[in-house]
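# Residue-level structural notes
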Amino acid sequence: MKRSKAGFMGLITPALIIYTLFMLIPLVASLGLSLFEWTGYGEKTFVGFSNFVRLFTEYPYNERFWNALGNNIYFFIITMIIQNMVALLLAVLLTRGLRGSTAFRTLFFAPSTVSVVIVGYIGVLIFNPTWGGLNALLRAVGLDSWAQAWLGQESTALTAVAVANAWQYTGIPMMLFIAGINAIPEVQYEAIAVDGGNEWHKFAYITLPNLRPILFVVSTMTFVGNFSSFEIIYAMEGTLAGPNYATDTLGTFFYRTAFGARTGAPPEMGMGAAIATIMALIVGIGVVCWLRMYLKQYDE
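Residues numbered from 1 in each chain as written. Predicted model: local features only at pLDDT ≥ 70, side-chain atom pairs only at ≥ 80, totals over all residues. Heavy atoms only, no water.

All right, on to the overall build of the protein then. The number of helices and strands found in the protein is 14 helices and two strands. C-alpha atoms of the protein, sized along the principal axes, occupy 75 × 70 × 35 Å. Out of the 300 residues belonging to the protein, those deemed buried represent 38%. Partitioning the intrachain contacts of the protein with sequence separation of at least 6 by distance along the chain shows that 64% fall at a separation of at least 24. For the protein, the accessible area works out to roughly 17,100 Å², and carbon and sulfur atoms hold 70% of it. Measuring between centres, the 16 positive side-chain charges of the protein sit 11 Å from its 16 negative side-chain charges. (Helix = DSSP H or I, 4+ residues; strand = E, 2+ residues; numbered from the N terminus. Buried < 20%, exposed > 50% of the residue type's maximum accessible area, 1.4 Å probe, protein only. Contact = heavy atoms within 4.5 Å. Areas by Shrake-Rupley, 256 points an atom, 1.4 Å probe, with all protein chains shown as cover. Lys, Arg positive; Asp, Glu negative; His and termini not counted. Charge placed at Lys NZ, Arg CZ, Asp CG, Glu CD.)

Further remarks concern the packing of helix α2 (residues 50–57) against helix α3 (residues 61–94). With their axes 5 Å apart at the nearest point, α2 and α3 run at an angle of 75° to one another. Here α3 runs roughly perpendicular to α2, going by the angle between their axes. Along its contact with α2, which presents Arg 54, Leu 55, Phe 56 and Thr 57, the element α3 presents Tyr 61, Asn 62, Phe 65 and Trp 66. Classifying every residue of the contact of α2 with α3 by side-chain character gives five nonpolar, two polar and one charged. (Axes fitted to C-alpha atoms, helices over the stretch in contact; angles between N-to-C directions. Parallel < 35°, antiparallel > 145°, perpendicular 65-115°, else oblique. Nonpolar A, V, L, I, M, F, W, Y, C, P; charged D, E, K, R; others polar.)

Taken together, the side chains of Ile 17, Ile 18, Tyr 19, Leu 21, Phe 22, Met 23, Leu 24, Ile 25, Leu 27, Val 28 and Leu 31 define a hydrophobic patch exposed on the protein surface, amounting to about 1,100 Å² of accessible area. Relative to the elements of secondary structure, Ile 18 occurs in helix α1 (residues 2–33). (Patch = residues over 30% accessible without salt bridge, like charges linked within 9 Å, V, L, I, M, F, W, Y side chains within 5 Å. Salt bridge = Lys/Arg side-chain N within 4 Å of Asp/Glu carboxyl O.)

When pLDDT is averaged across the protein, the result is 88; 94% of the residues are at 70 or more. The lowest-confidence element of the protein is α1, averaging 82 in pLDDT; the highest-confidence one is α2, averaging 95. (pLDDT = per-residue confidence, 0-100.)

Attention now moves to the pattern of salt bridges. Enumeration according to the criterion identifies seven salt bridges in this entry. Notably, a salt bridge pairs Glu 37 with Arg 54, separated by 3.6 Å at the nearest N-O pair. With Glu 37 in strand β1 (residues 36–37) and Arg 54 in helix α2, the pair connects residues that are 17 residues apart, well separated along the chain. By relative accessible area, Glu 37 is classed as partly exposed at 38%. On the basis of relative accessibility, which here comes to 16%, the residue Arg 54 falls in the buried class. Among the salt bridges present, the one from Lys 202 reaches Glu 199, with a minimum N-O distance of 3.5 Å. Of this pair, Lys 202 and Glu 199 both sit in helix α10 (residues 199–210), three residues apart, roughly one helical turn. Overlapping salt bridges bring together Glu 37, Arg 54, Glu 58 and Glu 268 as one network.

What follows is about the nonpolar core. Leu 88, Met 174, Phe 177, Ile 181 and Leu 211 are the most contacted members of the largest nonpolar core, which totals 18 residues. Those elements that provide at least two residues to this core are α3, α8 (171–182), α9 (186–194), α10 and α11 (212–226). For this core, the leading source of residues is α3, giving six residues. Discounting chain neighbours no more than four positions away, the residues touching Leu 211 are Leu 88, Phe 177, Gly 180 and Ile 181. Formed by 17 residues, the second largest nonpolar core is a distinct cluster that contains Tyr 61, Leu 69, Phe 253 and Met 279. (Core = buried A, V, L, I, M, F, W, Y, C linked by side-chain atoms within 4.5 Å.)

On to the layout of surface pockets. One simple way to see leftover space: roll a probe sized like a water molecule over the atoms. Considering only enclosed or pocket space, the largest pocket measures out at about 670 Å³ in volume. As for the largest pocket, its lining consists of 23 residues, of which Pro 26, Leu 27, Ser 30, Ala 276 and Ala 280 are closest to the centre. Going through the elements one at a time, α1, α13 (250–259) and α14 (269–299) are the ones with two or more residues in the lining of the largest pocket. Looking at which element gives the most residues to the lining of the largest pocket, the answer is α1, with nine residues. Residues of the lining of the largest pocket, tallied by class, amount to 19 nonpolar, four polar and no charged. (1 Å grid on protein atoms, 1.4 Å probe; cavity = no way out; pocket = protein on both sides within 12 Å on 5 of 7 lines; lining within 4 Å. Points joined across faces, edges and corners; volume = space filled by probe spheres on them.)

What follows is about the packing of aromatic side chains. Under the criterion given, the structure shown has 16 aromatic pairs. Note on Phe 49 and Phe 52: the rings are 6.1 Å apart at their centroids and 45° apart in plane angle, and the pair reads as tilted. The class of Phe 49 is exposed, set by a relative accessible area of 61%. When the centroid spacing of 4.3 Å and the interplanar angle of 15° are considered together, the rings of Phe 216 and Tyr 294 count as stacked. Taken together, the residues span a long stretch of sequence, with Phe 216 in helix α11 and Tyr 294 in helix α14 at a distance of 78 residues. (Phe/Tyr/Trp six-rings, centres within 6.5 Å; stacked < 30°, edge-to-face > 60°.)

The topology assignment puts Ala 91 in helix α3. Not counting residues within four places of it along the chain, the set of residues in contact with Ala 91 comprises Met 174, Phe 177, Ile 178 and Ile 181.

The next point concerns the environment of Ile 275. Structurally, the position occupied by Ile 275 is in helix α14. Judged by relative accessible area, which is 1%, Ile 275 ranks as buried. Measuring from C-alpha to C-alpha, the distance between Ile 275 and Phe 253 comes to 8.0 Å, with 22 residues separating the pair along the chain. Ignoring sequence-local partners within four residues, the contact set of Ile 275 consists of Leu 55, Leu 250, Phe 253, Phe 254 and Thr 257.

Below is the structure:
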């Protein structure tokens, strides 16, 4: 027993040290910084909870915060639907013994290994209104009226970025779903086939119920990742980085406020830390609520 505890501590200690140095300590420091006014250089001025009050009551912080939060929710919903539904569909198809399924798994997973900045650049090329691949495809099939400046107008910019984000990370949930499907005993499918069940019945009554734990993990990862997203949005927002803020999320709102990037305003590190604190609270509360809902089904 003592050896097993010692071995367990030996395994988790390096990860715990790394997490403490690069995650826990910066998080605590950020919480402390949110109580100060600071431009990033010079002396700090203690203001208590003034940054939080200003964030929710003072223009333009309050307006930009609610805009960013609304955009973040929309960004999460679009990514959740496209990324995970496509991943589940691909996983089901690739576990049916199709020829070349291994190559297709590699192909669909490959974008997840590419830099977010590169994916953003590829997305900008695809959504280019003049010679981009998407508009070229639409014109080729006779849908010229659908071709538009996807990243250049407020109504479609955030959706285009969310689609690019979903495309990059579809491979991760796909591989998790594949592992889950492969772990399902074949006898369950055979039993439902004997009872006259078709492929839909197998999916609805065997595959989905067995994938419930993985669905929880995937949805949690998607939520956490999307509510802290920054790189893909910053790389693709293009001409909408100005006063419209049509693609502004909590991550980009934090960055622009803390460092004064693309706004012309001076850096506000304290306000940025306050935004980061609210982001952490949103993610933490969301994960706890989702976990309680997931565990509740096992208590009934």
